[in-house]
Amino acid sequence: MARDCTTRSLDNIDLSALRDPAGIFELVEVVGNGTYGQVYKGRHVKTGQLAAIKVMDVTEEEEKDQDVDLVLYRYFCT
């Protein structure tokens, strides 16, 4: 069953408690290319569950937005 991430508030995020998502998935193969990056078939290291993982090419201007996205990923999906 999918986890309902909409009930959590962003107001009290403890950034030091969030995990780094690197190493959670291994990239198996490229399944597609697009304007903003590549999509990979990935495998969760601990469970073996497969997932689509988008790896985006980021400019310096977009890097700050990416940091925000990473924080949100860590908060809602770990």
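Residue indices follow the written sequence of each chain, beginning from 1 at its first position. Confidence filtering applies because this is a predicted model: local features only for residues at pLDDT of at least 70, side-chain atom pairs given and counted only at 80 or more, and all residues used for totals across whole chains, interfaces and linings. Each side-chain value is worked out from all heavy atoms of the structure, with water and hydrogens disregarded.

Under the annotation held in an unreviewed UniProt entry, the protein chain carries the name Mitogen-activated protein kinase kinase kinase kinase 4-like and is attributed to Oncorhynchus kisutch.

Here we take up the UniProt feature "binding site: ATP" (unreviewed entry) in the protein chain. UniProt positions are given in the numbering used here, feature names are shortened, and annotations may be inferred rather than shown by experiment. As annotated in UniProt, the feature "binding site: ATP" (unreviewed entry) corresponds to K54 in the numbering used here. Inspection of the secondary structure puts K54 in strand β3 (residues 50-56). Classification of K54 as exposed rests on a relative accessible area of 53%. Contact partners of K54, with chain neighbours within four places excluded, come to Q38 and V39. Secondary structure is summarised from DSSP: a helix means a run of H or I of at least four residues, a strand means a run of E of at least two, and numbering begins at the N terminus for each. Exposure categories follow from relative accessible area, calculated using a 1.4 Å probe and restricted to protein chains: below 20% of the type maximum is buried, above 50% is exposed, and the middle band is partly exposed. When checking whether two residues touch, look at their non-hydrogen atoms; a contact exists if any pair is within 4.5 Å.

Strands qualify as paired when DSSP identifies two bridges or more between them. Here strand β1 (residues 25-33) pairs with strand β2 (residues 37-44) via seven bridges, running antiparallel. When the sheet's bridge partners are listed, V30 is paired in β2 with Y40. Linkage of β1 to β2, two consecutive antiparallel strands, is achieved through a turn of three residues. Sheet topology note: the β2/β3 ladder contains seven bridges and is antiparallel. Bridge pairing in β3 places K41 opposite A52. Hairpin connection from β2 to β3: five residues lie between these consecutive antiparallel strands, with G48 at a positive phi of about 80 degrees.

Let us look at the environment of V71. Counting through the fold element by element, V71 comes out in helix α1 (residues 60-77). Under the relative-accessibility criterion, V71 is labelled partly exposed at 23%. Between the C-alpha atom of V71 and that of I13, which follows or precedes it by 58 residues, the distance is 8.9 Å.

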